[in-house]
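A look at the structure
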Amino acid sequence: MDASFVRRDLSAMTRESLWTVVDSILAHGPSLNDRAGATGLALGYVQSGKTTAITALIAAAADSGYRVIVALLGSTNLLLEQNHGRLIQALGLDHRQDYRWVVMVNPSGVARTKEMADWLSRGRTVLVPVLKHAGRISALAKVLSGADATNMPVLIIDDEADQASLNTEVNQGLESRTYDALTQLRAAVPRHLYVQFTATPYAPLLLEPDDHLRPDFIELLQPGQGYTGGREFFVDHADVVVRPIPTLDEQAPRSLPTQLPKSLVEAFGSFVAGTALLLRSDPTAAPVSMLVHSTQRNDVQARYHFLLQRLVRRWTEVATTAQDVDALPQQVMDERGRITTLGAPDVSDHDFLEGVRFALRETTLWLVNSVSDVNKVDWKVAPVHVLVGGNKLDRGFTVEGLTVTYMNRPASDQVDTLEQRARAFGYRSDLLPYCQFFATPRTLKVLRETVDTEYDLRANLRDWLADGHDVSTWARHVGLLLPQGTKPSRQTVLTTLSRFNERPGWHQLRRPSVDPLVRDQNASIVEAIGLLGAAPADYGRLHHPTLWLPLDVILDQLLTRWAGVEVGSSPGWRHQELLDLLGRLPDRGALTPLLLMEHPEGGPRQREWDPELGFINLMQGADPVRRPGQPWYPGDRAIGGVTEDPERVVVQVHRVRSTEPGAAPELFTLAIHAGRRGVVRKV
């Protein structure tokens, strides 16, 4: 198998990393020890070459004694056929003649049971690609039981494991059909190793402790050389790749478009221009593809397909009769200039005109949905493809040579769904100058923040496991850092989650400790960081001493040292969770405002004190009247830049004194605006 990877130009470093992961996975299996029924999760990136890892695992498993290898390769026949074909080709089973392997797709019934038993008796390794469907999986469980495979080591691979496998009726105390069928399958072959492959593991990691699909171990897959994913698209090269479209171009849920959105015409112009430039410079770069994802509704997808066909015909006629490039559609010419400015090599006007004619003539449109007659994309019939679809393109489906994505579907609030839907993760790096991603600002914002979610998850998982902790405790102690207004997955598969900072706003330490030692310690911290001597900054009618410090410094020198913040000490104040959230934000080196909130003439503000609740109205509100030409104070909650940028972290130290007779002269307490990301944990 390694020789095959060499022929595919996988570097020695990539191959070494791959085989190390494979060996680590198999070390959990029954063929190497007495354990049975282990469940693992192989975490990759979207469109990062998981098939290569699956192929390597299957080959190594066969070499180490696994006689039956079950591969759950998709929840649609389209995905099963695509993935099954790629797997057969990668393993070389379509041409090898060593009589070692047998492939049985979706086996069921008495005849297939006898056939499997016969192949096993002859020493064959049986590869079983299966549709992720309750009926198919239950039938396979019966075949394996009848074929006397119950005592054999069996490898079960579950691709896109976070999608159709999970129990969607867990909140009703029931088991959904596919989940129940997987339970039957695992019971039929007790000596098995169950390995889940996914790039969006949020749901599996948050499952109940007794759920048999919750992973016992995790392996992190590294993408191969040239992988271009979310960080490259939505962070590193966002100014080049990302193309915001007007919110008004977002496809309404229940209306059929009568014409293509202007931004889609622009996106198609980018695709045509990029394809012309690319294929004139490198004809071997074909196939080249564009993805149009507007809705889940089949009738709306069909209308987009029809309107795009009409546009292709019209532009083809224009290009065919054009005497020079000036006669080409303006969108094509504009995008030529943009793409070449971004680094793609230009060609002569004559070659560009010929390239546009070729690109339009060869553009083949595919409608990919559950009712279309042409839902099987054949990449070999043409060099240029435009795919129009919805949910059928969400997961697992590989779009060959993808350069332009147009996604005007309303943003999903499920992080796993939106991340899989984008399909931008996985473009080839050599095509980056031609790549464009068109979407609404809301979609782009969530995708950009999901990059932080993805990398935060991997980093914290690695640290948690390296510290000797168990996978099962990660969800309760660490959890997920999520974009504001999102959830990790479907509510139907998850129970009892806790959310912190889900509704972004100010966190107030209303009841600070009045213990003299604690008061003195916190006062010393405030003085040591330099806040008492900070220059006042203008916030309208009031001026507050302000320091601009890196968030890391504020965390290290102020917040982590703050005393008297034990759990339950102050209503609603969750100090450790605040530290955890702030410490996981992506730009901890960014300058953060640290303000001292005190009386305008110096000294503490006076506030009413309640023994149970602490200070009442700790934060001062806005001036009730705004008079023209006179300074106006917007209130403590609106300063520090949070009105202009809700993502901003702002830390306020409040210098206050209780109005109660005999109260301490003053003390310091905190108010923190933690931005718009939240943390989800398992209860």
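Residues numbered from 1 in each chain as written. Predicted model: local features only at pLDDT ≥ 70, side-chain atom pairs only at ≥ 80, totals over all residues. Heavy atoms only, no water.

**Focus on the overall build of the protein chain**
- The helix and strand inventory of the protein chain stands at 20 helices and 27 strands.
- Dimensions of the protein chain, computed from C-alpha atoms along their principal axes, come out at roughly 90 × 75 × 50 Å.
- Residues counted as buried form 55% of the 683 residues belonging to the protein chain.
- Considering only contacts within the protein chain whose residues lie at least 6 apart along the sequence, 78% involve residues at least 24 apart.
- Counting only carbon and sulfur atoms, one obtains 49% of the accessible surface of the protein chain, whose full area is about 28,500 Å². (Helix = DSSP H or I, 4+ residues; strand = E, 2+ residues; numbered from the N terminus. Buried < 20%, exposed > 50% of the residue type's maximum accessible area, 1.4 Å probe, protein only. Contact = heavy atoms within 4.5 Å. Areas by Shrake-Rupley, 256 points an atom, 1.4 Å probe, with all protein chains shown as cover.)

**Some points on the sheet that holds strand β17 (residues 497-500)**
- What the 3 strands build is an open sheet, ordered β16-β27-β17; its pairing is antiparallel. The two strands at the open ends of the sheet, each matched to only one other strand, are β16 (480-482) and β17. Here the strands of the sheet are splayed against their neighbours by 25° on average, with no regard to which way each runs.
- Pairing geometry for β17 and strand β27 (residues 678-682), over 4 bridges, is antiparallel. Counted as the bridge partner of S498 is R681 from β27. (Pairing = 2+ DSSP bridges. Axes fitted to C-alpha atoms, helices over the stretch in contact; angles between N-to-C directions.)

**Considerations on the sheet that holds strand β11 (residues 363-368)**
- Reading across the sheet, the 6 strands line up as β9-β15-β13-β10-β12-β11 and stay open at both edges, with parallel pairing between neighbours. The strands lining the two open edges of the sheet, one partner per strand, are β9 (242-244) and β11. Averaged over all adjacent pairs, the angle separating strand axes in this sheet is 15°, with direction ignored.
- Bridging between strand β10 (residues 288-293) and strand β12 (residues 384-389) involves 6 bridges; their strand directions are parallel. In the strand pairing of β12, S289 is matched with H385.
- Packed onto the sheet, helix α11 (residues 262-281) meets β9, β10, β12, β13 (402-407) and β15 (436-439) and runs at close to 170° relative to β10.

**Details of the pairing of β15**
- Side chains Q436 and F438 project from β15 onto one buried face, and the interleaved F437 and A439 project onto a second face that is buried too.
- By the bridge criterion, 3 bridges tie β9 to β15 in an arrangement that is parallel. Looking at the pairing, R243 lines up with F438 of β15.

**Thoughts on the pattern of salt bridges**
- Overall, the coordinates contain 29 salt bridges when judged by the stated rule.
- Among the salt bridges present, the one from R588 reaches D552, with a minimum N-O distance of 3.6 Å. Of the two residues, R588 sits in the loop between α20 (575-584) and β21 (591-597) while D552 sits in helix α19 (residues 551-559), which places them 36 residues apart along the sequence.
- Taken together, the salt bridges that share partners define one network made up of D456, R574, E577, D580, R584 and R681. (Salt bridge = Lys/Arg side-chain N within 4 Å of Asp/Glu carboxyl O.)

**Things to note about the environment of R605**
- Within the secondary structure, R605 is located in strand β22 (residues 605-607).
- Once the C-alpha coordinates of R605 and L618 are considered, the two residues, 13 residues apart in sequence, prove to be 9.1 Å apart.
- In contact with R605, other than residues within four places in its own chain, are H544, M597, E598, H599, L618, Q620, Y633, D636, H654, R655, V656 and R657.

**Here we look at the packing of aromatic side chains**
- Applying the stated criterion to the full structure yields 6 aromatic pairs.
- Measuring from centroid to centroid gives 5.2 Å for F234 and F437, while their planes differ by 90°, and the two rings are edge-to-face. With F234 in helix α9 (residues 230-236) and F437 in strand β15, this pair connects stretches of sequence that are 203 residues apart. You'll find F234 and F437 in the same group, each marked buried.
- Aromatic ring contacts, followed pair by pair, group F233, F234 and F437 into a single cluster.
- The aromatic ring of Y455 is capped on one face by R231, whose charged end is 4.0 Å from the ring centroid.
- In this structure, R336 is placed above the aromatic ring of F352, and the distance from its NZ or CZ to the ring centre is 4.4 Å. (Phe/Tyr/Trp six-rings, centres within 6.5 Å; stacked < 30°, edge-to-face > 60°. Lys NZ or Arg CZ within 6 Å of the ring centre and 35° of its normal.)

**Quick word on helix α5 (residues 109-121)**
- Here α5 spans 19 Å end to end across 13 residues, near enough to the 18 Å set by a 1.5 Å rise per residue.
- Within α5, the full set of buried residues consists of T113, M116 and L120. With its buried residues spanning 65° around the axis, α5 presents them on a single face. Relative to its buried face, α5 has exposed residues pointing more than 90 degrees away, namely V110, A111, K114 and S121.
- Backbone geometry just after α5 places G123 at a positive phi near 85°. (Expected span 1.5 Å × (residues − 1). Arc of directions from axis to C-beta.)

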